[in-house]
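# What the coordinates show
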Amino acid sequence: VDKDMDFDAHVFALCVLLSSKIILNTNGCINSGTIEQLDTVVNLARHIQLTSEGKRNADDLSTDEFLRHFPELVWVLRDFTLGLEDQNGNKMSPDEYLERCLTTSSASNKRKKLTDQNEIKTALATVFRKRHCVTLVRPVYDENKLRVVSNEPLHRLRP
């Protein structure tokens, strides 16, 4: 099992370094469960060590130089059901929604779970400096039609 995780970590590191965009495809809205699932991804991304001529390890690189090697994050939210509005009822863009979700929460009682989520949010915001969000609604409401959505005419699908 450890060997498989080590291989996955190396593949992910290679993908991050070779890609200009990383697409994270999740279902529904961004919530605490979604954030917690990204712990592994964030830890892998943070521990990628870059080497360049005359530099032995990532500690020798400035933070900006290190982070410029990371790709843009595009977070796709499938079957998104929330209205994109702030607390005052003003419309917000999917990117604004993502930034709001990545804002750390105050941990007045220092609950470990909240502290861990804040650490993940901070790491995501630091590692993926360029990030965007795309929301996709469910194409049809009817579960039976969803199973055969490829047979539905385009005019019957939700925009």
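Check the entry above for the structure.
Residues numbered from 1 in each chain as written. Predicted model: local features only at pLDDT ≥ 70, side-chain atom pairs only at ≥ 80, totals over all residues. Heavy atoms only, no water.

### Here we look at the sheet that holds strand β3 (residues 131-135)
In sheet architecture, strand pairing relies on hydrogen bonds along the backbone and comes in two forms, parallel and antiparallel. Spatial ordering of the open sheet is given by β1-β2-β3, a layout of three strands whose pairing is parallel. Strand pairing shows two members of the sheet lacking a second neighbour, β1 (21-27) and β3, which therefore form its edges. Between one strand axis and the next, the sheet turns through 20° on average, direction left out of account. (Pairing = 2+ DSSP bridges. Helix = DSSP H or I, 4+ residues; strand = E, 2+ residues; numbered from the N terminus. Axes fitted to C-alpha atoms, helices over the stretch in contact; angles between N-to-C directions.)

### Examining the packing of aromatic side chains
All chains considered together, the criterion is met by one aromatic pair. Consider the rings of F80 and Y97, whose centres lie 5.3 Å apart with planes at 70°: the pair is edge-to-face. Taken as a pair, F80 in the loop between β2 (72-78) and α5 (94-101) and Y97 in helix α5 lie far apart in primary sequence, 17 residues in all. Pair check on accessibility: F80 and Y97 agree, each one buried. (Phe/Tyr/Trp six-rings, centres within 6.5 Å; stacked < 30°, edge-to-face > 60°. Buried < 20%, exposed > 50% of the residue type's maximum accessible area, 1.4 Å probe, protein only.)

### A look at the side chain of T34
You can see T34 is positioned in helix α2 (residues 32-37). With a relative accessible area of 9%, T34 lands in the buried category. What T34 contacts, discounting residues up to four positions off in sequence, is T26, C29 and W75. (Contact = heavy atoms within 4.5 Å.)

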